[in-house]
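# A structural walkthrough
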Amino acid sequence: MQIKQPRREFYTVHEVAARWGYTIADVAGWSTSGHFDILTGIPPSIRGVSAERIFDPTLKGVPVIVLSNNDGCAVARSDEAKALGIKMGKPLHLLRDKIAAHGVRTTPCSEKLLRKY
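This section reports on the structure supplied with the text. (Residues numbered from 1 in each chain as written. Predicted model: local features only at pLDDT ≥ 70, side-chain atom pairs only at ≥ 80, totals over all residues. Heavy atoms only, no water.)

As for its position among the elements, arginine 77 is in strand β2 (residues 74-77). For arginine 77, which is buried and forms no salt bridge, the nearest opposite charge comes from aspartate 79, at a distance of 8.1 Å. At a separation of 2.7 Å, a polar atom in the side chain of arginine 77 contacts the main-chain carbonyl oxygen of isoleucine 86. (Helix = DSSP H or I, 4+ residues; strand = E, 2+ residues; numbered from the N terminus. Buried < 20%, exposed > 50% of the residue type's maximum accessible area, 1.4 Å probe, protein only. Lys, Arg positive; Asp, Glu negative; His and termini not counted. Salt bridge = Lys/Arg side-chain N within 4 Å of Asp/Glu carboxyl O. Polar contact = N/O pair within 3.5 Å; in protein donor to acceptor, adjacent residues only side chain to side chain.)

What follows deals with the environment of histidine 14. Examined against the element boundaries, histidine 14 turns out to sit in helix α1 (residues 13-20). Residue histidine 14 is classed as exposed on the basis of its relative accessible area, which comes to 57%. Residues histidine 14 and isoleucine 24 lie ten residues apart in sequence; the distance between their C-alpha atoms is 6.4 Å.

Once that is clear, we can look at the sheet that holds strand β3 (residues 105-108). Taken together, the three strands give an open sheet; going across it, the order is β2-β1-β3, and neighbouring strands pair in mixed fashion. Unpaired on one side and paired on the other, β2 and β3 mark the two borders of the sheet. Direction aside, neighbouring strands of the sheet carry axes that sit 30° apart on average. Where strand β1 (residues 64-67) lies against β3, four bridges are found, and the strand directions are parallel. Within β3, the position partnered with valine 64 by the bridge is arginine 105. (Pairing = 2+ DSSP bridges. Axes fitted to C-alpha atoms, helices over the stretch in contact; angles between N-to-C directions.)

Looking now at the pairing of β2. The side chains of a regular strand alternate between both faces of the sheet. Across three bridges, β1 lies against β2 in antiparallel orientation. Each bridged residue has a counterpart across the sheet, and for leucine 67 the counterpart in β2 is alanine 74. Following β1, the chain reverses through six residues before pairing antiparallel with β2; glycine 72 in that reversal takes a positive phi of roughly 65°.

Looking at the element boundaries, histidine 93 is found in the loop between α4 (79-83) and α5 (96-102). The exposed category is assigned to histidine 93, whose relative accessible area is 58%.

Take the nonpolar core next. Ile65, Leu67, Ala74, Ala81, Ile86, Leu92, Leu95, Ile99 and Val104 together form the largest nonpolar core, which totals nine residues. Apart from residues no more than four positions distant in its own chain, leucine 95 is found in contact with Ile65, Ile86 and Lys90. (Core = buried A, V, L, I, M, F, W, Y, C linked by side-chain atoms within 4.5 Å. Contact = heavy atoms within 4.5 Å.)

So yeah, pure geometry; function would need other evidence.
This is the structure in structure tokens:
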């Protein structure tokens, strides 16, 4: 016997925000609090930066590195940071000169965001 599943509807985050009259950050916040799931097609190599940019729009268009919580290594890089030659897994103390010279923004890893997105 096959159980009939309820119909699922899929919308982009932008569509949900526009339909309900809220910001994208509000919609993402509801997802992190467990109200609903957001499915994305974001490549894993930039997933952390994309998730951080949802909550901090000032990170858009600038080089960004997401740092690991335990040892301060780059665990995600924006395309702008990759273009500067910043390698995955590189420790923060070896990147200080490049960060200062190019205005690279750093942010700690948010495990909750990475699990959701």
